[in-house]
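Given next are the chains, with one letter for each unit.
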Amino acid sequence: MQMMMGAWTAQTISAVTRLHVPELLDKHGPLTARELTETHGVDAKPDFLERALRVCASVGVFTEAADGRFGPTPLSEVLTPDSPTSVHAFVELIGGRWWKLIGALPEALRTGQNQAKAQTGREPWEPGDTSREEQFGRAMRSRVESTRGVLEHYDFTGARTVVDVGGGFGHLALAILQRYPAVRATVLDLPNVIAVARRHAAHEDAGVLERLTFVVGDMFIDVPPGDVYLLKTVIHDWDDAHCVQVLQHCRARLPADGRIICADKVLPPMGDTGASGSKLLDMLMMVSLPGKERTEAEWRALYERAGLRVASITVVNPRSGESLVQGVAA
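Residues numbered from 1 in each chain as written. Predicted model: local features only at pLDDT ≥ 70, side-chain atom pairs only at ≥ 80, totals over all residues. Heavy atoms only, no water.

(A) Looking closely at the nonpolar core. F156, V162, I176, L212 and L230 are the most contacted members of the largest nonpolar core, which has 31 residues in total. Those elements that provide at least two residues to this core are α11 (144–153), α12 (171–179), β4 (184–189), α13 (191–201), β5 (212–216), β6 (228–232) and β7 (259–267). With 6 residues, α12 is the single largest residue contributor to this core. In contact with I176, other than residues within four places in its own chain, are L151, F156, V162, V183 and L230. (Core = buried A, V, L, I, M, F, W, Y, C linked by side-chain atoms within 4.5 Å. Buried < 20%, exposed > 50% of the residue type's maximum accessible area, 1.4 Å probe, protein only. Helix = DSSP H or I, 4+ residues; strand = E, 2+ residues; numbered from the N terminus. Contact = heavy atoms within 4.5 Å.)

(B) Up close: the pairing of strand β10 (residues 322–329). For β10, the tally of buried residues reaches 7 of 8 residues, placing the bulk of the element in the interior. The pairing of β7 with β10 spans 6 bridges and is classified as antiparallel. Residue pairing for β10: C262 is matched across the bridge by V325. As paired elements, strand β9 (residues 308–317) and β10 share 8 bridges and run antiparallel to each other. Residue pairing for β10: T314 is matched across the bridge by L324. Joining the antiparallel neighbours β9 and β10 is a turn of 4 residues, in which G321 adopts a positive phi near 80°. (Pairing = 2+ DSSP bridges.)

(C) View of the packing of aromatic side chains. The full count for this structure, using the stated rule, is 5 aromatic pairs. With a centroid separation of 4.7 Å and an interplanar angle of 65°, the aromatic rings of Y154 and F156 are classed as edge-to-face. The same class applies to Y154 as to F156, namely buried. A centroid spacing of 6.1 Å and a plane angle of 70° characterise the contact between W299 and Y303, whose relative ring orientation is edge-to-face. Residue W299 and its partner Y303 are located together in helix α17 (residues 296–305), separated by 4 residues, close to a single helical turn. Relative accessible area serves as the criterion here: at 0%, Y303 is assigned to the buried category. A connected cluster of aromatic rings, assembled from ring pairs, spans Y154, F156 and Y180. (Phe/Tyr/Trp six-rings, centres within 6.5 Å; stacked < 30°, edge-to-face > 60°.)

Here it is, written out as structure tokens:
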């Protein structure tokens, strides 16, 4: 029953987060539901809000006192947008856009098709309103584990031009440039994404920006030249045929000493019941995109089809299966 009610827990935490309660408690300290609504402008009925806050407190998100005050905790701190380890944008998505999609899982299982068009009216990656792009970009930026994993487990010393394929707002490319002053970087993405990315990057240090190039393009047609190709949480979005196509484009541009690095989940083999988080993420892939999470054997087969050889697989987080799959020309 705890497993089944986990959906209710997720929606309650997401709803309270979207009301900005974690930020207010982080800033002002313990408050009652009535103080949150009447003094701090939370758009909710105080008695209903109090009931939701009690749920959050029961799972450790807030403290709860006998006088009806709810206070911040380390868990609520990461629900604030300014936390260095913030999951705020992801929590908004899980309880918002993705909530409707995961409800269509039975239909996805029955038809073998993702449910993006049926549930949202849009195909995956079809351009939408700017606010949706901004929200998704914030969520990708908040994936500090993935960005840190690339920076801590791959040495870009000696790289000339790093191409971040499907690089979104360029958060990873910027982090690399800040750490490696001799490296240049190119971010490739769709027109609607690059337009937002340029705006977000405008405040960065001039010395970093002069080494960064944003390129509007389609990775299924071609990729810009470079000697290190990065694909962070890109491959899991697509079916095998599309993945091979992208990897082949990178392979065609790859110099003799070049590398292709995919930062993504690597599922354990059949019979290993670990990595439940990655397997749950695979359900989101199932309902929202044509992609999937893959085992090591599937990654190796994918690279081989693209004319590549897996040189190494570096596990960044053993619990989640987050890994760097490094490839070279076969």
